[in-house]
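Notes for the structure review
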Amino acid sequence: MPLLIPCPTCGVRPYGEFWCSGELPDGGHGGSDDAEADFERVWLKRNVAGLQTERWFHHAGCRRWVTVRRDTLTNVIDAQL
Amino acid sequence: MPNFDFEGRPIPIEAGDSIAAALYRAGVRVFSRSFKYRRRRGLYCVTGDCPNCLMTVDGEPAVRTCATKARAGQRVARRPAWPSPDFDLMAGIRLFKRFLPVGFYYKMFHRPKGTWDRIEGFIRRMAGIGPVPLDLAPAKRERRTHHPDLLVVGGGATGLAAATEAAGAGQSVLLVEEGTIGDQIAAGPVRDAVLQLAAALRSRPEATILEEALAIGVYEGPMVPVAASDALHLVFPKRVVVATGAVEEHAVFDGSDLPGVWLGRGAARLAGVHRVLPGKRLVVAAGTPESFDHLATLRSAGAEIVAAVVPAAMKDRVPPGIRAIVDGRVTAATGRGAVAEVTVEGGGRLERLACDGVVLSLGLVPRASLLRQAEGDRVIGAGDVTTPGAPLAAAMAAGRAAARGEKTPPAPTALPRPCQSGFVCLCEDVEAGDLKQAWTEGFQSTELLKRYSTVTMGPCQGSLCHAHLRSFVKDQGGDELRTRPTTARPPARPVRLEDVAAGARYPLEYHTALHDRQIAMGAVMEWAGAWKRADHFGDPVAEYWAVRRDVSVMDVSTLGKYRVAGPDAVEFLERLYPCHVANLAPGRSRYAVMLNEAGYLFDDGLICSLGPDGFYLTLTSGGADAAESWLRDWAETWNLRVQIANQSLSLGALNVAGPKARDLLARLTSDPIDGESFPYSQHRWITVAGVRCLVLRVGFTGELSYELHHPRLEGPKLWDALFEAGRDLGIRPHGLGALRLLRLEKGHIIVNQDTDYDSTPAKLGLDWVVKLEKPTFVGRTALERIGQIPREKGLLSLTFAGPDTPADGAQLVGVDGTHLGYLTSSRFSPILGHGVALGWVRATGGRWPDRVMAHDGAGRRFEGTVVHGPFYDPKGDRLRA
Amino acid sequence: MLEIRSREVAIVACHGGAAALDRLASTDALRLRIAPDELWLVAGRSNRQGLLDQAERWRATTDGNALVVDQTDGWTVLTVAGDERLEVFGRLSVAPPPAGRPALSQGALAGVPGKVLFADGAAHYFVPAPVGHHLEARIRDTSHDLGLQFAPATEYRPTAGAVGGNGTAVTR
């Protein structure tokens, strides 16, 4: 199968059933009052060629989020966080 | 005898004939005209790899007639030419060769200016391989999915052996073959083996065979789409064995594209399988062991072999009675319209041989484009595609090994001798000289040469010419990187769009429960995202007035609707929205916007406090679906105890709007709905016509409005009751057309119509919905940061005198001529008697303009005045009634 | 013989903590675990109020913070019965059918987000009500060669029990 996302409820499903959050900053989403840190977190992406933490929303299925670590070069998901 | 029609002639069909074979037997020699120079092309490879035999069959262009079975009643034709394809005057274009060098469309005919525009149409009409049949209805193909353990591509001996091995091990196997298994193999041990294997395989329940099924490409997964006549098969195998075989090495020399030049397998196939002689007096150039089998086949079919050109190491294989030319090369073929003589160079001598055909069997090149699309161990090649020329037993053993997952390292294949002249790419008419020219212009790698000269970019996709491209670059001194094979991409063979679109011919339409009711009342439906919604019901102006003067009903079931409950519900919404939520008393509703982390508005709606039952959120129809991902993401990130239920599709909503709305509702409910019991911007549970509804008093249209949120299936009942009870009140339905005007008169924004992706509330004039004094909410830090930059862009309200008003998108220019922005929404207001609009306007030197000039696309100009506040009923008396 | 018919069910969604939902028992309803924090009580349409009562009792006794929502009107249910029902499924879903019976598959069906319940000897398709008509048309078109027959609508009273997703975790 093409890129498969391991949904904890629905099992391994094709990526087209999900919306991707994009690259997740180290601390996850969410607030930082410091303007510099906030700007970096929202706008500056590292675009790693390698392991990236990201979230996928199973919009066609259970409609819940799953956090995974994916290798952006091989599209192998090696961990579900 | 069955026959098919060829340009008005009946052509008899013998058993097992391909269209090309039947045509050749009937005397057809010119099968097509080439892409650029309209050169005569005859049968060449006869294995489906070259473009020479492409014809229009039953209206479908570019059908490979050598790989297509002849059937009674077919209509076959070549691309029309004048006076005929056999004698095409346009071939005279060869005389203008110097005006059409490689890449001429980049270099020629661009001066004087305008020349290209005039000449392009002419060139386009002349080139190409045939007209697109605009009157042919696309076939409706379905999709099927398969999840076998093993997919085998190729139904030759290797592929069948692989499939048999896997089936024997209990694996589920799908084997796909482009043609019909065994059909194109001459009688002999190979054919017998193939048919026997196929019969045995068919009897196994684990195995499925699809014939006339074309593997389009190998996608990530692996996933292999296979186009067959009944459906597009999406195959998701665990592993793939590619056994697509090899094609004979393409010969390139002066005149090598003339009719009468044959590849060995093709000539032998015509003679051995179809019993049609390619020619009576043939020169054969042999270079592989199997080429001698071809020679024997041609001889026993009755051809006279004028000479066999062989390498020294193979000279003992030439049968007695045939003249052997040792270590020679065919360097030219000449004749008027077809081969009449070939030139053989050998041992320092040049010899001319009279003949009516030359058969070249110089080597084998793997048909590897499918295999090269994949990396890794799950897609394995076997047989001729990795080790061309291996004997039958070895090929079958390789197939079995591949089925077990063992990878055979591919045999290194030598590149062909670099060509000095002749047509390298038959599909695109690229000559050796073109490649040389491109090289001198600086395109010095396979990838660049390919893109500039279009070599390998035709229907054959490099099956024949790719090796020559590489050999040319290597000969010019290219290093390994430059000589690298070009990236292989799907489709491996040309594929019809109707195949790719299989199963996708339904536009997905979301219908509300009032869909049929609205159509019955004359609704003109339009797309609103994935929904079908009513734009109007025949008289949008009357519908508008019904809202302003009487009462009207609109189906707003598409709105986003969410229940949020739990101990942390208030905390959750306080952090999510920029407005206050904690101070929202039960029964009250508040307009709220949703901001992303960059501080930009992406959705808006109401927050309704249900007291102990939590909150009810409404959001735009367009954002309804995605809102769930937003809400759940934050609830999880903040680890809050909230429960979220998406009721967008299980609830419907009807908006009853107009000064008589209360009178109408009073007829259908005994619950208190007077202004004191149920004020503006509040909500109540009201039973209307026996249906318990959560009723919201909203102000989008600017009139007294009640939005009835109800269980979806009760919608028709409510609709009927409202229209029945409101008959004497002048009730009409209204749709999106009227709504857009009504809300515009109040200056209300529509997300994505009046907002950009980077619209902060300040830019939209919605500062009041943001409470920066709140300790935290999504986007707060961004708004603080942005707030320190002087604002230079804003969505302003504008009026135009009318009665003509500018349209949406009209550009705005200041009194001093500077470009200021554009109108996002603009209409003529019937009740106000002038034009009203919202538009993006830039400040100049920190000052906002008072007047602007709107320029529409038709060159008309309208003077506009900037105003503040809603255009209609600025104090909101009407909606607070 | 392959048959498709529209079904009338009641669906009451219970949103609460995973442990509390694990303790939601029912003798007359099928419990579909849509997500760790969401469970559907499914029964015949005539039992709609009964399901709401059961859900309320559970909320009152087990998880006071839970949210109970009647989602009956949000879904169209179509049952495909007959030997070729798995073939029909394969034509609508790119993912393979789940193992075990009863089983629940959640994902895209011919472009529509849906759930397929394999139970009681048939395949029951739950699709959002606004696109129920679309799925019906797709099933009709894609399975016409299988001799699909349309039968009149009936109530579906699923066998009581619990069905969860076939979730798997990817371990490091």
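Position labels on residues start from 1 in each chain and follow its written sequence. Each chain takes a letter, starting from A, and each ligand takes a number, starting from 1, following the order in which they are written. Given that this is a predicted model, residues contribute local features only at a pLDDT of at least 70 and side-chain atom pairs are listed and counted only at 80 or more, while totals for whole chains, interfaces and linings are drawn from all residues.

Working definition: helices are DSSP H or I runs of at least four residues, strands are E runs of at least two. Numbering for both runs from the N terminus. Within chain B, the regular secondary structure consists of 21 helices and 49 strands. Two things to know: the radius of gyration comes from C-alpha atoms, and the globule rule equals 2.2 Å times the number of residues to the power 0.38. A globule of 881 residues ought to have a C-alpha radius of gyration of about 29 Å, yet chain B, at 37 Å, is considerably larger. Once the C-alpha set of chain B is aligned to its principal axes, its extents read approximately 115 × 70 × 55 Å. Any residue whose C-beta has 12 or fewer other C-beta atoms within 10 Å is treated as exposed, any with 20 or more as buried, and any in between as partly exposed, C-beta atoms being built from the backbone. Taken over 881 residues, chain B has a buried fraction of 49%. Counted over contacts in chain B with a minimum sequence separation of 6, partners at least 24 positions apart contribute 66%. Remark: residues whose backbone-derived C-beta atoms lie within 7 Å of one another are considered to be in contact.

With that settled, consider the nonpolar core. Residues B:Val656, C:Val12, C:Cys14 and C:Tyr125 are the most contacted members of the largest nonpolar core, which totals 159 residues. In this entry, domain limits derive from an automatic or database-based domain assignment. Two domains each donate at least three residues to this core, and these are domain 1 (8-73) and domain 2 (74-154) of chain C. C:Cys14 has contacts with C:Leu21, C:Leu24, C:Leu39, C:Leu41, C:Ala55, C:Trp58, C:Ala66 and C:Val68, leaving out every residue within four places of it along the chain. B:Cys53, B:Val283, B:Ile305 and B:Leu435 belong to the second largest nonpolar core, which has 148 residues in total. Connectivity within a nonpolar core runs through C-beta atoms within 7 Å, and the core itself is a set of buried Ala, Val, Leu, Ile, Met, Phe, Trp, Tyr and Cys residues.

Time to look at the sheet that holds strand S15 (residues 224-227) of chain B. At least two DSSP bridges between two strands are needed for those strands to be called paired. What the four strands build is an open sheet, ordered S10-S16-S15-S14 (chain B); its pairing is mixed. Edge positions in the sheet fall to strand S10 (142-146) and strand S14 (214-215) of chain B, since each of these pairs with one other strand and no more.

Here we take up the environment of B:Gly159. As for its placement among the helices and strands, B:Gly159 is situated in helix H4 (residues 157-168). Between the C-alpha atom of B:Gly159 and that of B:Ala592, which follows or precedes it by 433 residues, the distance is 64 Å.

Moving on, we get to the interface of chain C and chain A. With 16 residues of chain C in contact, the opposing surface of chain A contributes 20 residues. Contributing elements (two or more residues each) for the side of chain C that touches chain A: strand S2 (30-35) and strand S6 (103-109) of chain C. Of the residues forming the side of chain C that touches chain A, the biggest block, three residues, is contributed by S6(C). Considering only residue class, the side of chain C that touches chain A consists of nine nonpolar, six polar and one charged. Each residue gets one label: Ala, Val, Leu, Ile, Met, Phe, Trp, Tyr, Cys and Pro are nonpolar, Asp, Glu, Lys and Arg are charged, and the others, such as Gly, are polar.

What follows covers the interface of chain B and chain C. Taken residue by residue, the interface counts 26 residues in chain B and 25 residues in chain C. Mapped by element, the contributors of at least two residues to the side of chain B that touches chain C are S10, strand S34 (560-565) and strand S38 (643-646) of chain B. Take the side of chain B that touches chain C: its biggest share by element is four residues, from S10(B). In terms of residue class, the side of chain B that touches chain C is built from ten nonpolar, nine polar and seven charged.

Note: strand S3 (residues 19-23) of chain A against strand S4 (residues 51-57) of chain A, three bridges, orientation antiparallel. Looking across to S4(A), one finds that A:Cys20 is bridged to A:Trp56.

Turning to the environment of C:Ala123, a few remarks are in order. All names here are of chain C. Secondary-structure assignment places Ala-123 in strand S8 (residues 122-128). We classify Ala-123 as buried; it has 23 C-beta atoms within 10 Å. Taking the C-alpha atoms as reference, Ala-123 lies 27 Å from Val-68; in sequence the two are 55 residues apart. Aside from chain neighbours lying at most four places away, what touches Ala-123 is Val-80, Arg-85, Phe-89, Val-116 and Phe-118.

Residue and element names in this part refer to chain B. Here helix H5 (residues 189-202) spans 20 Å end to end across 14 residues, near enough to the 20 Å set by a 1.5 Å rise per residue. Those residues of H5 that fall on the buried side of the exposure criterion are Ala-193, Val-194, Leu-197, Ala-198 and Leu-201. Buried residues along H5 cover an arc of 125° about the axis, so they all sit on one side. For H5, the exposed residues lying more than 90 degrees away from the buried face are Pro-189, Asp-192, Gln-196, Ala-199 and Arg-202. One less than the number of residues in a helix, times 1.5 Å, gives the span that helix is expected to have. In this description, the arc belongs to the directions extending from the helix axis to the C-beta atoms.

The subject of this paragraph is the environment of B:Ala227. All names here are of chain B. Tracing the chain through its elements places Ala-227 in strand S15. We classify Ala-227 as buried; it has 22 C-beta atoms within 10 Å. Taking C-alpha positions, Ala-227 is 9.3 Å from Ala-502, a pair spaced 275 residues apart along the chain. Excluding anything up to four places from it in sequence, Ala-227 contacts Ala-213, Leu-214, Ile-216, Leu-232, Val-495 and Asp-499.

Attention now goes to the confidence of the model for chain B. On a range of 0 to 100, pLDDT expresses the predictor's confidence in each residue. On average, residues of chain B score 93 in pLDDT, and 100% of them are at 70 or above. Reported confidences for the modelled complex are a pTM of 0.86 and an ipTM of 0.97.

Regarding helix H20 (residues 736-744) of chain B, the residues found buried are B:Ala738, B:Leu739, B:Leu741, B:Leu742 and B:Leu744. The elements touched by buried residues of H20(B) are strand S32 (531-536), helix H15 (540-549), strand S33 (552-555), strand S46 (819-829) and strand S47 (834-842) of chain B.

All names here are of chain B. Strand order in the open sheet made by the five strands is S19-S26-S20-S21-S22, with parallel pairing throughout. The open sheet is flanked by strand S19 (261-263) and strand S22 (324-326), the only strands paired with a single partner. Strand-to-strand twist of the sheet, defined as the mean angle between neighbouring strand axes without regard to direction, takes the value 20°. Here strand S20 (residues 281-286) pairs with strand S26 (residues 357-361) via five bridges, running parallel. If you follow Val-284 over to S26, its bridge partner there is Val-359. Across the sheet, helix H6 (residues 264-272) is in contact with S19 and S26; its angle to S19 comes to roughly 90°. Axes here mean lines fitted to C-alpha atoms, for a helix over just the part in contact, with angles spanning 0 to 180 degrees between N-to-C directions. Helix-sheet contacts for helix H7 (residues 289-301) involve S20, strand S21 (304-310) and S26, and the interaxial angle to S20 is about 170°.

Our next topic: the pairing of strand S49 (residues 861-867) of chain B. Residue and element names in this part refer to chain B. In this structure, strand S44 (residues 793-800) lies alongside S49, joined through four bridges in antiparallel fashion. Looking across to S49, one finds that Phe-800 is bridged to Gly-864. For strand S48 (residues 851-855) and S49, the ladder comprises five bridges, and the chain directions are antiparallel. For Val-852, the partnering residue across the bridge sits in S49 and is Gly-864. Between S48 and S49, which follow one another and run antiparallel, lie five residues, and Gly-859 among them has a positive phi close to 85°.

Another point: the packing of helix H10 (residues 446-453) of chain B against helix H11 (residues 466-475) of chain B. For any two helices packed against each other, one specifies the crossing angle of their axes together with the interaxial distance. Residues and elements named next belong to chain B. Between H10 and H11, the shortest axis-to-axis distance is 10 Å and the interhelical angle comes to 120°. Between H10 and H11, the angle falls in the class oblique. Crossing angle aside, the handedness with which H10 passes H11 is right-handed. Side by side, H10 and H11 meet where Thr-446, Leu-449 and Lys-450 of the first sit next to Leu-469, Arg-470 and Val-473 of the second. In this scheme, roughly parallel covers angles under 35 degrees and roughly antiparallel covers those over 145, while 65 to 115 is roughly perpendicular and the rest are oblique. Each crossing gets its hand from how the near helix is turned against the far one by less than a right angle, where anticlockwise is left-handed and clockwise is right-handed.

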